[in-house]
Amino acid sequence: MKRTAFYPGSFDPLTNGHLDILLQALGLADEVIVAIGVHSSKPGLFTYDERKALIEKVLPEALRDRVSVVSFDNLTTDAAAAAGAGMMIRGLRDGSDLDYEMQLAGMNSALAEDIQTVFLPASAETRPITATLVRQVALMGGDASLFVPEAVAEALKIKLSEKS
Ligand code: ADP
């Protein structure tokens, strides 16, 4: 049976940390669904279409047919169940991620007992990266290419020039 994993997040934009977890998840599952949570009250920096296009651009060619990118605006467990996923992937950076993620995993398992949360540890090099700080660094003219794939760094520069 095909093992399908659901990897939810904002991905605004995709960072080297997200990519690290996505690649690790592909070692466990046959197919990973990257699910971008969209909320009309929180538009974010990049639109859903831009976030999706960046993820697809950055994926190594050989893995592209095992990854799909979708949006969702409902309960994460409902979206994962509707996609036929048996695993929910979450990345862990530190103890504060762990505290929050344990609460989320506990509630999610009560909401959808057939979906198993799988925690994957951040790699040492990507552990400090958060998309929020990446956006702040880029918007203040810092070099985001230390933390995100090249195509994302380029897209951040373009966003910055559009905003100024
Ligand atoms: P962020 O917290 O950077 O804004 P998201 O809300 O999009 O990112 O997070 C989606 C998932 O990716 C979460 O499980 C989060 O813990 C994980 N994640 C984000 N950044 C990293 C990182 N640097 N290393 C490992 N996992 C990460």
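Higher on the page you've got the structure.
About the cut-offs
Residues numbered from 1 in each chain as written. Predicted model: local features only at pLDDT ≥ 70, side-chain atom pairs only at ≥ 80, totals over all residues. Heavy atoms only, no water. Near = heavy atom within 4 Å. Polar contact = N/O pair within 3.5 Å; in protein donor to acceptor, adjacent residues only side chain to side chain. Areas by Shrake-Rupley, 256 points an atom, 1.4 Å probe, with all protein chains shown as cover. 1 Å grid on protein atoms, 1.4 Å probe; cavity = no way out; pocket = protein on both sides within 12 Å on 5 of 7 lines; lining within 4 Å. Sits in = over half its atoms within 2 Å of the grid points. Helix = DSSP H or I, 4+ residues; strand = E, 2+ residues; numbered from the N terminus. Nonpolar A, V, L, I, M, F, W, Y, C, P; charged D, E, K, R; others polar. Points joined across faces, edges and corners; volume = space filled by probe spheres on them. Pairing = 2+ DSSP bridges. Axes fitted to C-alpha atoms, helices over the stretch in contact; angles between N-to-C directions. Contact = heavy atoms within 4.5 Å. Salt bridge = Lys/Arg side-chain N within 4 Å of Asp/Glu carboxyl O. Buried < 20%, exposed > 50% of the residue type's maximum accessible area, 1.4 Å probe, protein only. Expected span 1.5 Å × (residues − 1).

### Some points on the site of the ligand
Close to the ligand lie 17 residues, the nearest being Tyr 7, Ser 10, Gly 91, Thr 126 and Ala 131. Take Ser 10: an N or O atom from its main chain is 2.8 Å from an oxygen atom of the ligand. Notes on the ligand: free accessible area 520 Å², of which the protein chains cover 90%. More than half of the atoms belonging to the ligand lie within 2 Å of the grid points that define the largest pocket. If you list the elements that add at least two residues to the shell around the ligand, you get β1 (4–9), α1 (16–26) and β4 (87–92). Looking at the shell around the ligand, its residues break down into seven nonpolar, seven polar and three charged.

### As for the layout of surface pockets
Summary: where empty space remains is shown by rolling a probe the size of a single water molecule over the atoms. The volume enclosed by the largest pocket comes to roughly 1100 Å³. Along the wall of the largest pocket there are 47 residues; nearest its centre are Pro 8, Gly 9, Ser 10, Phe 11 and Arg 90. Listed by contribution, the elements that provide at least two residues to the lining of the largest pocket are β1, α1, α2 (48–58), α3 (76–82), β4, α4 (95–111) and α5 (131–139). For the lining of the largest pocket, the element with the most residues is α4, which contributes nine residues. Classifying every residue of the lining of the largest pocket by side-chain character gives 20 nonpolar, 19 polar and eight charged.

### Considering the sheet that holds strand β2 (residues 31–37)
Here we have five strands laid out as an open sheet, ordered β3-β2-β1-β4-β5, and parallel in their pairing. The open sheet has two free edges, formed respectively by β3 (67–72) and β5 (116–121), since each of these has just one partner strand. Going from strand to strand, the sheet's axes swing by 30 degrees on average, the running direction of each strand aside. Along the sheet, α4 makes contact with β4 and β5, crossing β4 at roughly 170 degrees.

### Concerning the pattern of salt bridges
The full count for this structure, using the stated rule, is eleven salt bridges. Here Glu 162 ties to Lys 159 by a salt bridge, and the two come within 4.0 Å at their closest N and O atoms. Pair noted here: Glu 162 and Lys 159 are both in helix α6 (residues 150–163), with a separation of three residues, about one helical turn. We classify Glu 162 as exposed; its relative accessible area is 56%. It is possible to trace a salt-bridge network through shared partners that takes in Asp 12, Arg 51 and Arg 135.

### Overview of α4
Taking 1.5 Å of rise per residue, the 17 residues of α4 would be expected to cover 24 Å, and the 24 Å separating its terminal C-alpha atoms lies within 8% of that figure. Those residues of α4 that sit buried are Asp 97, Glu 101, Ala 105 and Asn 108. Residues of α4 that are buried in the fold lie against α3, β4 and β5.

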